[in-house]
Amino acid sequence: MREIDVKLITEKVRDLCMKANTDLGEDVLQAFDRAMGEEESPLGVEILKELKENARIAKEEKVPICQDTGFAILFIELGQDVHLVGGNLNEAIQEGVRQGYKDGYLRKSICHPFTRANTGDNTPAIIHTEVVAGDKIKMTVAPKGGGSENMSRVTMLTPSDGIEGIKRFVVQRVKESGSNPCPPTIVGVGIGGNLEQVALLAKKSLLRPLGSKNPDPELDQLESEILTEINHLGIGPQGLGGRTTSLAVHILMMPCHIASFPLAVNIQCHAQRHKETII
Ligand code: SF4
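Residues numbered from 1 in each chain as written. Predicted model: local features only at pLDDT ≥ 70, side-chain atom pairs only at ≥ 80, totals over all residues. Heavy atoms only, no water.

## Description of the overall build of the protein
Stage number 1. Along its length, the protein carries eight helices and 10 strands.
Stage number 2. For 279 residues, the compact-globule formula gives about 19 Å, and the C-alpha radius of gyration of the protein, at 19 Å, lands near that figure.
Stage number 3. Evaluated residue by residue, the protein yields a buried proportion of 49% over its 279 residues.
Stage number 4. Sequence-distant contacts in the protein: of pairs separated by 6 or more residues, those separated by 24 or more amount to 82%.
Stage number 5. Only carbon and sulfur atoms are counted for the fraction: they give 54% of the accessible area of the protein, which is about 13,400 Å².
Stage number 6. Taking the 31 positively charged and 37 negatively charged side chains of the protein as two groups, their mean positions are separated by 3 Å. (Helix = DSSP H or I, 4+ residues; strand = E, 2+ residues; numbered from the N terminus. Rg over C-alpha atoms; globule rule 2.2 N^0.38 Å. Buried < 20%, exposed > 50% of the residue type's maximum accessible area, 1.4 Å probe, protein only. Contact = heavy atoms within 4.5 Å. Areas by Shrake-Rupley, 256 points an atom, 1.4 Å probe, with all protein chains shown as cover. Lys, Arg positive; Asp, Glu negative; His and termini not counted. Charge placed at Lys NZ, Arg CZ, Asp CG, Glu CD.)

## Re unusual backbone geometry
Stage number 1. The omega angle of the peptide bond from Thr123 to Pro124 is 0°, so this bond is cis rather than trans.
Stage number 2. Positionally, Pro124 belongs in the loop between α4 (89-103) and β4 (126-132).
Stage number 3. The omega torsion of the bond from Pro183 to Pro184 falls at 10°, within 30 degrees of zero and hence cis.
Stage number 4. Structurally, the position occupied by Pro184 is in the loop between α6 (162-177) and β7 (185-193).
Stage number 5. One non-glycine residue, Tyr105, lies in the positive phi region at around 55°.
Stage number 6. Considering the arrangement of structural elements, one finds Tyr105 in the loop between α4 and β4.
Stage number 7. One non-glycine residue, Cys182, lies in the positive phi region at around 55°.
Stage number 8. Owing to a relative accessible area of 31%, Cys182 belongs among the partly exposed residues under this scheme.

## So, the state of the cysteines
Two cysteines, two sulfur atoms, one covalent bond between them: this is a disulfide.
Stage number 1. Taken as a whole and judged by the stated rule, the model has zero disulfides.
Stage number 2. In this structure Cys17 is a free cysteine whose sulfur lies 16 Å from that of Cys66, the closest cysteine sulfur available.
Stage number 3. By relative accessible area, Cys17 is classed as buried at 0%. (Disulfide = S-S within 2.5 Å.)

## Some remarks on the site of the ligand
Stage number 1. Around the ligand lies a shell formed by Cys66, Gln67, Asp68, Gly145, Gly147, Ser148, Cys182, Cys269, His270 and Arg273.
Stage number 2. For the shell around the ligand, the two domains that each supply at least three residues are domain 1 (2-21 + 65-144) and domain 2 (147-276). (Near = heavy atom within 4 Å. Domains from an automatic or database assignment.)

## Describing the nonpolar core
Stage number 1. Among the nonpolar cores identified, the biggest contains 22 residues, and Ile9, Val13, Leu74, Val97, Ile137 and Met139 are the most heavily contacted of them.
Stage number 2. Breaking this core down by element, the ones donating at least two residues are α1 (6-22), β2 (71-79), α4 and β5 (137-144).
Stage number 3. When neighbours within four sequence positions are excluded, Ile137 is seen to be in contact with Ile4, Ile9, Ile76, Glu77, Leu78, Val82, Leu84, Thr277, Ile278 and Ile279. (Core = buried A, V, L, I, M, F, W, Y, C linked by side-chain atoms within 4.5 Å.)

## Side note on the sheet that holds β5
Stage number 1. With mixed pairing, the four strands of this open sheet are ordered in space as β4-β2-β5-β10. At either end of the open sheet lies a strand with only one pairing partner, and these are β4 and β10 (275-278). This sheet shows a mean twist of 15° between the axes of neighbouring strands, independent of strand direction.
Stage number 2. The sheet contact formed by β2 and β4 spans seven bridges and is parallel. Counterpart to Phe75 in the pairing with β4 is His128.
Stage number 3. Relative to β5, α1 is tilted by about 40°, and along the sheet it contacts β2, β5 and β10.
Stage number 4. Contacting β2, β4 and β5, α4 runs over the sheet at an angle of about 140° to β2. (Pairing = 2+ DSSP bridges. Axes fitted to C-alpha atoms, helices over the stretch in contact; angles between N-to-C directions.)

Dropping the structure here:
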C-alpha cells in the first residue's frame, strides 16, 4: 500500500487547472494546421490562423485561451493500492480547483441555478472517479465551456434506428448548433450504456488525442463518415462559412439494454483543453 498525502493532490489539481486553461495541446495545434491545408474559405483559413495565434499568446503570456475558463471536470483513476492520508480526496480536489482558478486569475463561472449567484471560486468541480489496479493516481483536468456544453444532447434512439439513426442525429445536432459552440468543434459521441453512462462516454471520448484513430475499426469508419457529412454543412470556422466545421468526431461505445439504444453528443469547442498528471 502506497501512502499519498492529499496535499499533493491539491497542488497538482491547482497546477493542472492553470495549465489546461493556458496551454492548448500540440494535437489541437496540429489539427488547426491540417484544417488550414484543407479549408477552401479564405476567411476560414484566416480564423484558423487567429486561433493558432491566440493559443501562442495564451501559452507565452500565461493568459486563458478563452474568457470562458469553464466548469472544472476531473477524471480520476485511483489505484486500489493507494492509501490517501491527510484529508478527504473530494475536498482536496475542490481546494485545488479553488486555488487554481484564484491564482491563475481564471474566470469563475459556476452559479446557483435559480438565483444565478456565483459560488465565487469555480467550485464545485465535477469529479468522475474510477478505481483501477496499481498504486498510482492519474488525474485529468478538462475545463468545459458553457457555449459548447449547451449544444450537447442525450437521446434514446430505438434499436431499429441503427447506424443511420446515429448519423442523422449527430449531424443534425451539429447543424442546429451552428456557430454557438465556437467551431471548429470536436464532436464527442457516446453510444450504449444507459442515460447517465452514455453522456459520460461522450465526454470521455473528447480526451482522445486529436488525429488519433479509434482502436475499433468499425467506429473509426463511422467517425470519418460522420465527420465528412458534418464538414459538408458549410458552417465553417466560427460559423462564417467553410469546410472546417469540426476537426474530429470521437466515439466511445459500450453494450446497452436490449430495449435501448442510448446516444449522446457532447460538443467541444476549438478550446479543446485538458491536462493530466500521474502521481
Ligand atoms: S464555447 Fe469554447 S471557445 Fe466558445 S466561449 Fe465557450 S469556452 Fe470559449
